[in-house]
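Results of the structural survey
Residue-level listing of the chains:
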Amino acid sequence: VISGERRAMRVKMFPLSGGLGGMAFDITDLEHARETLDKHAKAHDDTLNHVADGVAIFGADRKLIFNNRAFQEMWSIDPSYLLDKPDHGSLLDRLRERKKLPARPNFGSWRQGELSYYQGGKNEVSEDLWNLPDGRILRVTRQRHPLGGILLLFKDITDELSLKSEFKGLINVQKATL
């Protein structure tokens, strides 16, 4: 407590001839900023856990730094595996072993293409569709994460495409009838 106010201090001690010297640095503002950032990060994570789409964020080192509940449920992945922060390539390999990824004629080159998003040249948002072996169709969106790495969004659009197909079928029947 300094002048009646609680302050956070960083103390440095160093030897002097015949004794010990010390300096104290006021880091109260730094600690408040750290606490505020932690609160924002927690609120961000809580918000993403309520989103219906699967979200996975990989750091610049290609290791998983965040995933939401929808991601775990979408891929039926054991949460303890995700707590070990697997790298992106290992996660793709695991999903392939469990026959959860779309069949690819050359998995190695496809996998390398997925991992190429970490390189600096691909800053744009990229989307494509994955037809999964269980019949689901996912829209996969990739974008660079502001802190390095990439952000992946997985949206199950199976029902949406099914409804569009039914609607087009009804329109075609109506046109033929008229």
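Coordinates for the structure precede this section.
First, a word on what this report is: a plain description of the structure on this page. Computed from a prediction, not measured in an experiment: that's the story for all the values here.

**Details of helix α5 (residues 107–115)**
- Those residues of α5 that fall on the buried side of the exposure criterion are Phe107, Trp110, Glu114 and Leu115. Seen end-on, α5 carries its buried residues on one side only, within an arc spanning 140 degrees.
- In this structure, the buried side of α5 is in contact with α4 (88–97), β5 (126–131) and β6 (137–144).

**Overview of the pattern of salt bridges**
- This structure, assessed with the given rule, holds 9 salt bridges.
- Arg34 is the partner of Glu31 in a salt bridge, and the nearest nitrogen-oxygen pair spans 3.3 Å. Taken as a pair, Glu31 and Arg34 lie in helix α1 (residues 28–49) at a separation of 3 residues, close to a single helical turn.
- Its salt-bridge partner being Arg142, residue Glu114 comes within 2.9 Å of it at the nearest N-O pair. Taken together, the positions of Glu114 in helix α5 and Arg142 in strand β6 put the pair 28 residues apart, joining distant regions of the chain. The pair formed by Glu114 and Arg142 is uniform in burial state, with each residue classed as buried.
- Each member of the salt-bridge network shares a partner with another, and the members are Glu5, Arg7 and Asp26.

**Let's talk about the sheet that holds strand β3 (residues 54–58)**
- Taken together, 5 strands build an open sheet; the order of strands is β4-β3-β7-β6-β5 and the sheet is antiparallel. A single partner strand is all that each edge strand has here, and the edge strands are β4 (64–67) and β5. If you compare each strand with its neighbour and ignore which way they point, the axes differ by 20 degrees on average.
- Here β3 pairs with strand β7 (residues 150–156) via 5 bridges, running antiparallel. Considered in β7, the bridge of Phe58 is made with Ile150.

The rules behind the values
Residues numbered from 1 in each chain as written. Predicted model: local features only at pLDDT ≥ 70, side-chain atom pairs only at ≥ 80, totals over all residues. Heavy atoms only, no water. Buried < 20%, exposed > 50% of the residue type's maximum accessible area, 1.4 Å probe, protein only. Helix = DSSP H or I, 4+ residues; strand = E, 2+ residues; numbered from the N terminus. Arc of directions from axis to C-beta. Contact = heavy atoms within 4.5 Å. Salt bridge = Lys/Arg side-chain N within 4 Å of Asp/Glu carboxyl O. Pairing = 2+ DSSP bridges. Axes fitted to C-alpha atoms, helices over the stretch in contact; angles between N-to-C directions.

The values are spatial; any link to function lies outside them.
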